[in-house]
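Coordinates in review
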Amino acid sequence: MSPRALLYHALDAIADWEASYGDFASHAATEVPEARLRAAMDEYLARITAPPRGATPGTYPFFHPRYAGQMLKPPHPVAVAAYAAAMRTNPNNHALDGGPPTGQMEKEVVRDLAALFDFPDEALGHLTSGGTVANLEALFVARELAPGTAIASSADAHYTHARMAHVLGVEHRTVAADADGRIDLDALEDALAAGGIGTVVLTGATTGLGVVDPLHEAIPLCRRYGARVHIDAAYGGFFRLLAHAPAAPGGFPHEAFHALRDADSVVVDPHKHGLQPYGCGAVLFRDPAVGRFYKHDSPYTYFSSDDLHLGEISLECSRAGAAAGALWLTLRCLPLRPDDGLGPILAAALRAARQFALRIEGSDAFTLYAPPETDIVAYFPTAERLSDIDAASAALFDAAMNDPVDPIFVSLYRMSADQLRARHPHLVADVPNARVLRSVLMKPEHEHAAGWLVGRLEAFADRFVSREA
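Heads up: these notes are all about the structure in this document. Throughout this description, residue numbers start from 1 for each chain and increase along the sequence as written. A pLDDT threshold of at least 70 governs which residues receive local features in this predicted model, and a stricter bar of 80 or more applies before side-chain atom pairs are shown or counted, although totals over entire chains, interfaces and linings include all residues. The side-chain numbers reported here are obtained from all heavy atoms of the structure, hydrogens and water having been left aside.

What follows deals with the sheet that holds strand S4 (residues 197–203). Strand order in this open sheet of seven strands is S1-S7-S6-S5-S4-S2-S3, and the pairing throughout is mixed. What marks the edges here is a single partner per strand, and that holds for strand S1 (124–128) and strand S3 (172–175). Taking each pair of neighbouring strands and ignoring which way they run, the sheet shows an average axis angle of 20°. A pair of strands is labelled paired if DSSP reports no fewer than 2 bridges between them. A run of DSSP states H or I qualifies as a helix once it reaches four residues; a run of E qualifies as a strand once it reaches two. Both are numbered from the N-terminal end. The pairing of S1 with strand S7 (residues 281–285) spans five bridges and is classified as antiparallel. Across the sheet, residue Leu 124 finds its bridge partner in S7, namely Phe 285. What makes two residues a contact is simply this: any of their non-hydrogen atoms within 4.5 Å. Each axis is a line fitted through C-alpha atoms, taken for helices only over the stretch in contact, and angles between the N-to-C directions span 0 to 180 degrees. Here helix H5 (residues 131–145) sits on the sheet and contacts S1, strand S2 (150–154), S4, strand S5 (228–232), strand S6 (265–268) and S7; the angle it forms with S7, its principal contact strand, is near 25°. Strand contacts of helix H8 (residues 215–224): S4 and S5, with the helix running at about 150° to S5, the strand carrying the most contacts.

Here we come to the nonpolar core. Grouped together as the largest cluster of nonpolar side chains are 63 residues, with contacts concentrated most on Leu 188, Leu 202, Leu 215, Ile 231 and Leu 242. Buried Ala, Val, Leu, Ile, Met, Phe, Trp, Tyr and Cys residues form a nonpolar core when they are joined through side-chain atoms within 4.5 Å. Each residue's exposure class comes from its accessible area (1.4 Å probe, protein chains only) as a fraction of the maximum for that residue type: buried when under 20%, exposed when over 50%, partly exposed otherwise. In terms of nonpolar packing, the next biggest core, distinct from the first, is built from 24 residues, Ile 360, Ala 450, Leu 457 and Ala 461 among them.

Pairing is antiparallel across the open sheet formed by four strands, whose spatial order is S8-S9-S11-S10. Two strands in the sheet have a free side with no partner beyond their single neighbour: strand S8 (366–368) and strand S10 (411–416). In this sheet, adjacent strand axes meet at a mean angle of 40° when their direction is disregarded. Sheet topology note: the strand S9 (residues 376–381)/strand S11 (residues 433–440) ladder contains four bridges and is antiparallel. If you follow Val 377 over to S11, its bridge partner there is Ser 439.

For the rest of this paragraph, the subject is the side chain of His 230. One can find His 230 in strand S5. Not counting chain neighbours up to four residues away, the residues in contact with His 230 comprise Asn 135, Ala 138, Leu 139, Thr 199, Val 200, Val 201, Leu 202, Ser 265, Val 266 and Val 267.

Interaxial distance between helix H7 (residues 185–193) and H8 falls to 10 Å at its minimum, and their mutual angle equals 15°. Our classification of the angle between H7 and H8 gives roughly parallel. Note that H7 runs across H8; the crossing there is right-handed. Here Leu 185, Leu 188, Glu 189 and Leu 192 of H7 come into contact with H8, specifically with Glu 217, Ala 218, Leu 221, Cys 222 and Arg 224. The residue classification treats Ala, Val, Leu, Ile, Met, Phe, Trp, Tyr, Cys and Pro as nonpolar and Asp, Glu, Lys and Arg as charged. All others, Gly included, are polar. In terms of residue class, the contact of H7 with H8 is built from six nonpolar, no polar and three charged. For classification purposes, angles smaller than 35 degrees are called roughly parallel, those larger than 145 roughly antiparallel, those between 65 and 115 roughly perpendicular, and all remaining angles oblique. Two helices crossing with the near one rotated counterclockwise from the far one by less than a right angle form a left-handed crossing, whereas a clockwise rotation gives a right-handed crossing.

Here helix H3 (residues 77–89) crosses helix H10 (residues 321–333) at 145°, and the two axes come no closer than 8 Å. Here H3 runs over H10; the crossing is right-handed. For the pair H3 and H10, the contacting residues are Val 78, Ala 79, Ala 82, Tyr 83, Ala 86 and Met 87 in the first and Ala 322, Ala 323, Gly 325, Ala 326, Leu 329, Thr 330 and Cys 333 in the second. Residues that form the contact of H3 with H10 fall into these classes: 11 nonpolar, two polar and no charged.

Our focus in this paragraph is H3. By definition here, a helix of n residues has an expected span of 1.5 Å times n minus one. In a regular helix each residue adds 1.5 Å, so 13 residues correspond to 18 Å; H3 covers 19 Å between its end C-alpha atoms and thus fits that length. Of all the positions in H3, only Val 78, Ala 79, Ala 81, Ala 82, Ala 84, Ala 85 and Ala 86 are classed as buried. Buried residues along H3 sit against helix H1 (3–19) and H10. Downstream of H3 by one or two residues, Asn 90 has phi in the positive range, about 60°.

Looking now at the pattern of salt bridges. Here, a salt bridge means any side-chain nitrogen of Lys or Arg that lies within 4 Å of a carboxyl oxygen of Asp or Glu. Scanning the entire structure with this criterion turns up 21 salt bridges. Where Arg 423 meets Asp 180, a salt bridge forms, and the shortest distance between an N and an O atom there is 2.5 Å. Here Arg 423, found in helix H13 (residues 417–423), pairs with Asp 180, found in the loop between S3 and H7; they are 243 residues apart in sequence, far enough to count as distant. Taking the relative accessible area as the measure of exposure, Arg 423 reaches 35% and is therefore partly exposed. Among the charged side chains, a salt-bridge network with shared partners connects Asp 180, Arg 182, Glu 373 and Arg 423.

So, about H10. For H10, spanning 13 residues, the distance from its first C-alpha to its last is 19 Å, which sits close to the expected 18 Å at 1.5 Å a residue. What H10 keeps buried is the set Gly 321, Ala 322, Ala 323, Ala 324, Gly 325, Ala 326, Leu 327, Thr 330 and Leu 331. As for H10, its buried residues are in contact with H3, helix H4 (100–116) and S1.

Once that is clear, we can look at the packing of aromatic side chains. To pair, rings of Phe, Tyr and Trp, with the six-membered ring standing in for Trp, must have centres within 6.5 Å; the planes then decide the type, stacked if under 30 degrees apart, edge-to-face if over 60, and tilted in the middle. Counting across every chain of the model gives 13 aromatic pairs. Measuring from centroid to centroid gives 5.0 Å for Phe 62 and Tyr 67, while their planes differ by 85°, and the two rings are edge-to-face. For Phe 62, a relative accessible area of 23% translates into the label partly exposed. A relative accessible area of 5% places Tyr 67 in the buried class. An aromatic cluster of at least three residues, connected via ring pairs, comprises Tyr 60, Phe 62, Tyr 67 and Phe 409. In this arrangement the basic side chain of Arg 286 is found over the ring face of Phe 119, its NZ or CZ atom lying 4.6 Å from the centre. By the criterion adopted, a ring carries a charge over it if an Arg CZ or a Lys NZ lies within 6 Å of its centre and within 35 degrees of its normal.

The following block contains the structure:
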């Protein structure tokens, strides 16, 4: 079934459901004059489908393999159809009476996600509007369990942890990252030995380089010092599917992803590798007893059922039931299995990143920063001085993105001189940091486009870099 046919099939079913309750006249106040409606809609569509350049820029082609910039891609057509159908009824998953079907679906997908991480059946969790709120909730529980202690995360962890610690009034401590961008285990042990850390945040794929903290080594270390472990797997969590898959490409951190099962809490974003629309995050707690920290009452909800209402274990109140419905249908069509469903999609992204990296390694125009662990590749125009790398990266980024005929979309990533020279000691650190190029190969279609993308980038490179002998 085509995406268009799937969408109409869903909307037709909702129309039939609406008709089953009998005809009624819509209020005249909601009607929009035809001319005004058409003009406004045409303007809206023109704006979101305009080219991503000019005085009023439009939307980048996130759907196309030529887009390998940020962590963005369209949701799966199944998710679009499911979301649109539920959106017509507009359920609110705060209380079961706000959307009984989608409330139950949310509980079911939470069980699916818990099973993905090998969490126990009784694990507690719910969907959120995104990874930021999901991490806020995990750190909120961390504060309640270990009041007066600090939260630690690595220098290359997502900046949200320091921000959310500030929101919660909790001390945040930064632990150094190693040259590859993972938390430095020696620095972590020094921080833990100094005392006062109640929770350590580890990362299941950083949003900068896509590298995974050595979870299988860091978690036992945290346990020795009595610290809880929260894993921010917002970006990389779904790669847990491949932890036991021998067919995963070389360099894949099997042991680290396997160790996700030993965390106290995990955050994952279905709106990234789970093929969902924004916003759909999730937080999971191994111990269901942490639900006591959410305990509250409401004078007008929670009356329709004695079953658990998801608002009773969430800091957010109103939450889109459509997000739960879309994820539920997606996981029924593309189940969480390594050999079919979502697994082959993730494996294709890993292969795409490795093919892209191999092509970069064989290029005179570029230097690979490091082999990819997941589906993010960092590289830079071949030059000796960091100032030249910075300038060439920025110029290539701008030229490739704004090419009027055949644009290519990548992203920039700022790295310190120490980071760059740790892997490439020949570089001349004439500036304290430099921007490099970064490509996120998260669409399976990138597997067949990796070589072409690098070829297009090579066509731009010689214009913007001066290489020294």
